[in-house]
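# Topology and contacts: notes
Here is what each chain is made of, one letter per residue.
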Amino acid sequence: MDRRRALLLENIDPVAAELLGSAGYETESVRGALDEDDLIAALDGVEVLGIRSKTQVTAEVLRRRPDLAAVGAFCIGTNQIDLRAAAGAGVAVFNAPYSNTRSVVEMAIAEIIILARRLVDRDRALHAGSWDKSAAGSHEVRGRTLGIVGYGNIGSQLSVLAEALGMRVLFHDLEDKLALGNAQRCDTLEELLEQAETVTLHVDGRAGNAGLFGAEQFSRMRRRSLFLNLSRGFVVDHEALREHILSGHIAGAAVDVFPDEPREQGDPFTSVLRGLPNVILTPHVGGSTQEAQHDIGRFVAGKLADYAGSGTTTLSVNLPTVALHGSSADRFALLHRNVPGVLARVDALVGEHGLNVDGQVLATRGELGYAVTDVSAALSPDLLAALRALPETVRLTTFGRRAD
Ligand SMILES: NC(=O)c1ccc[n+]([C@@H]2O[C@H](COP(=O)([O-])OP(=O)(O)OC[C@H]3O[C@@H](n4cnc5c(N)ncnc54)[C@H](O)[C@@H]3O)[C@@H](O)[C@H]2O)c1
């Protein structure tokens, strides 16, 4: 029997190939990205594709390669994949939404201390040959108040580490989040800005957050306070930040994300924040660590292997979510158009072919339904043909034994 095949592009951490190999896949790893034609050619006979941000999985790729069952985005974003076309073709897509959050938190902690001690300016001066030993404007972070805007995966982890450093933590979130440790919730952003000596943004990228932080918010911040943004570039008005740094109202800032980021390595970078005192600029590297890459490889390959082994779609970004524990000897998963009566027809077909339904789970998401059914004996070719022939069937996947 032919082995199932997986293709991993864009230099994905080797742990992914190891995990897919253990799940029974013959895995080929390629360093670079592929363009559409090369990708279509390379996907011949491939069931599972792994990519990072550069490879585009278009509707055309999906149309030309119907054997493709799942795509792993070994990164956070999934804009490079036509998710709607993938769902329509019954191709499950997984990504790694949490794997780099700790890396962002550690960088934020480092920058909070570096800004409070004005280490950037000390470093620049010494590199320029000037010995400037002074305690002026240099502070410990212990006992100071940190205001976290956006208390999600990153903001809440930062809260715990900041408290371990002895900081007092305030947070503001649109949702009613559980306050960790001694952190205190602020009902409004204004309430947080009035008290915090360091303000750090960790909101998500929803459209409503464009321009969330501008001249008004910087003016409301306490005099000589510090500001960090490691969330999204479009959230902050950089002209307003520049003015408040130059006026001395804001004592320092760390910015990792920009409204217009260069596309390619080595492309020129322009920003009104360049050259300002006590301002740290980094090229969107908050989540970029070897550890995060390794965890992304482990996490996404694990999701792909679980899907291939049992039909579990937990954390899929485009299919209905069904969480299954353990695999069954005789199981089929039917991705179908979400219209009334499909489940009844499926169960009737199972009965007509002399099998009993041992267990069944159904989830729906928009136009799609996903039903995973465990049956009492091996699946016969006749039953599978009848299920495939249902007009609502998008994709049928089987697990376990087959009766000949
Ligand atoms: N710099 C990097 O390299 C890097 C790496 C990973 C993530 N990020 C970015 O960090 C941000 C946070 O990531 P996460 O995983 O914690 O996201 P998350 O979705 O877990 O948390 C975001 C939180 O912000 C809250 N929120 C949204 N808008 C808000 C507003 N206007 N006011 C107050 N709260 C608001 C949400 O309710 C949510 O709790 C995202 O924008 C993400 O893209 C950056």
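Heads up: the structure comes first, above all this text.
Residues numbered from 1 in each chain as written. Predicted model: local features only at pLDDT ≥ 70, side-chain atom pairs only at ≥ 80, totals over all residues. Heavy atoms only, no water.

Let's shift gears to the packing of helix α1 (residues 14-22) against helix α11 (residues 290-310). Angle between the axes and distance between the axes: these two values describe a pair of packed helices. In contact at an axis separation of 7 Å, α1 and α11 are set at 25° when each is read in the N-to-C sense. Comparing their axes, α11 and α1 come out roughly parallel. With respect to the hand of their crossing, α1 and α11 are arranged in right-handed fashion. On α11, the residues touching V15, A16, L19 and L20 of α1 are H294, G297, R298, A301, G302, L304 and A305. When grouped by side-chain class, the residues that make up the contact of α1 with α11 number seven nonpolar, three polar and one charged. (Axes fitted to C-alpha atoms, helices over the stretch in contact; angles between N-to-C directions. Helix = DSSP H or I, 4+ residues; strand = E, 2+ residues; numbered from the N terminus. Parallel < 35°, antiparallel > 145°, perpendicular 65-115°, else oblique. Left-handed = near helix turned anticlockwise from the far one by under 90°. Contact = heavy atoms within 4.5 Å. Nonpolar A, V, L, I, M, F, W, Y, C, P; charged D, E, K, R; others polar.)

Turning to α11, a few remarks are in order. Taking 1.5 Å of rise per residue, the 21 residues of α11 would be expected to cover 30 Å, and the 30 Å separating its terminal C-alpha atoms lies within 8% of that figure. Within the sequence span of α11, burial applies to A292, I296, G297, F299, V300, A301, K303, L304, A305, Y307, A308 and S310. Downstream of α11 by a residue or two, G311 has a phi angle that is positive, lying close to 95°. (Expected span 1.5 Å × (residues − 1). Buried < 20%, exposed > 50% of the residue type's maximum accessible area, 1.4 Å probe, protein only.)

What follows covers the side chain of N95. With respect to the element layout, N95 can be found in the loop between β5 (92-94) and α5 (101-116). The buried category is assigned to N95, whose relative accessible area is 8%. The residues touching N95, leaving out its near neighbours within four places in the chain, are A73, C75, I76, T78, F299, V300, L315 and V317.

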